[in-house]
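# Observations on the model geometry
One letter stands for each residue in the lines below.
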Amino acid sequence: MPGLIRGVARTAAVAGTATAVSNRVSRRQAGRWAQQDAQQPAQQPAPAQPAPASSEDKIAQLKELGELKAQGVLTETEFEEQKRQILNG
């Protein structure tokens, strides 16, 4: 009987340790994911803009694009593409 109790106690200790380690790994991974989400700016596509009617509208749109690029919302490539569409529109 003492051998049986010792075996059960050992199994309980191993299972408890495994559970504790698993929970710690899960919490650490969740923390890393949350940290990555916080570091990455929200990826929002640039709004589709209709062809402007005047040069004042084009200037206003270009200023807005410049602000979005400065904020990191637009990449250099996205900025150039949108700028090209405004100027050719």
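Before reading further, recall that the structure is shown in the block above.
### Comments concerning the overall build of the chain
- Of the regular secondary structure elements, the chain holds three helices and zero strands.
- Put simply, the chain runs from its N terminus to its C terminus through helices and strands in the order α-α-α.
- Of all 89 residues assigned to the chain, the portion counted as buried reaches 10%.

### What to know about the pattern of salt bridges
- Summed over the entire model, instances satisfying the criterion amount to three salt bridges.
- One salt bridge in this structure joins Glu76 and Lys69, with 2.7 Å as the shortest N-O distance.
- Glu76 sits in the partly exposed class, given a relative accessible area of 42%.
- We classify Lys69 as partly exposed; its relative accessible area is 33%.

### Some thoughts on the packing of aromatic side chains
- In this structure the tally under the stated criterion is zero aromatic pairs.
- Over the face of the ring belonging to Phe79 we find Lys69, whose NZ or CZ atom lies 4.9 Å from the ring centre.

### A closer look at helix H3 (residues 76-88)
- Look at H3: 18 Å from first C-alpha to last across 13 residues, which is about the 18 Å you get at 1.5 Å a residue.
- Where H3 is concerned, the buried positions are Phe79, Gln82 and Ile86. Burial along H3 is one-sided: seen end-on, the buried residues are contained in an arc of 75°. With respect to the buried face of H3, the exposed residues turned more than 90 degrees away are Thr77 and Asn88.
- Check the buried side of H3 and you find it contacts helix H2 (55-70).

Cut-offs used in this document
Residue positions are given per chain, counted from 1 along the sequence in the order it is written. Since the coordinates come from a predicted model, pLDDT governs what is reported: local features require at least 70, and pairs of side-chain atoms require 80 or more to be given and counted, while whole-chain, interface and lining totals use all residues. The basis for every side-chain value is the complete set of heavy atoms in the structure, and neither hydrogens nor water enter the calculation. Each helix is a run of H or I in the DSSP string that is no shorter than four residues. Each strand is a run of E no shorter than two, and both are numbered from the N terminus. When a residue's accessible area, from a 1.4 Å probe over protein chains only, is under 20% of the maximum for its type it is buried; when over 50% it is exposed; and in between it is partly exposed. By convention in these notes, a salt bridge is any Lys or Arg side-chain nitrogen within 4 Å of a carboxyl oxygen on Asp or Glu. Ring pairs shown here join Phe, Tyr and Trp side chains whose ring centres sit within 6.5 Å, with only the six-membered ring taken for Trp; geometry is labelled stacked below 30 degrees between planes, edge-to-face above 60, and tilted in between. By the criterion adopted, a ring carries a charge over it if an Arg CZ or a Lys NZ lies within 6 Å of its centre and within 35 degrees of its normal. An expected span of 1.5 Å times one less than the residue number is assigned to each helix. As used here, the arc belongs to the directions running from the helix axis to the C-beta atoms. Contacts between residues were defined by any pair of non-hydrogen atoms, one from each residue, lying within 4.5 Å.

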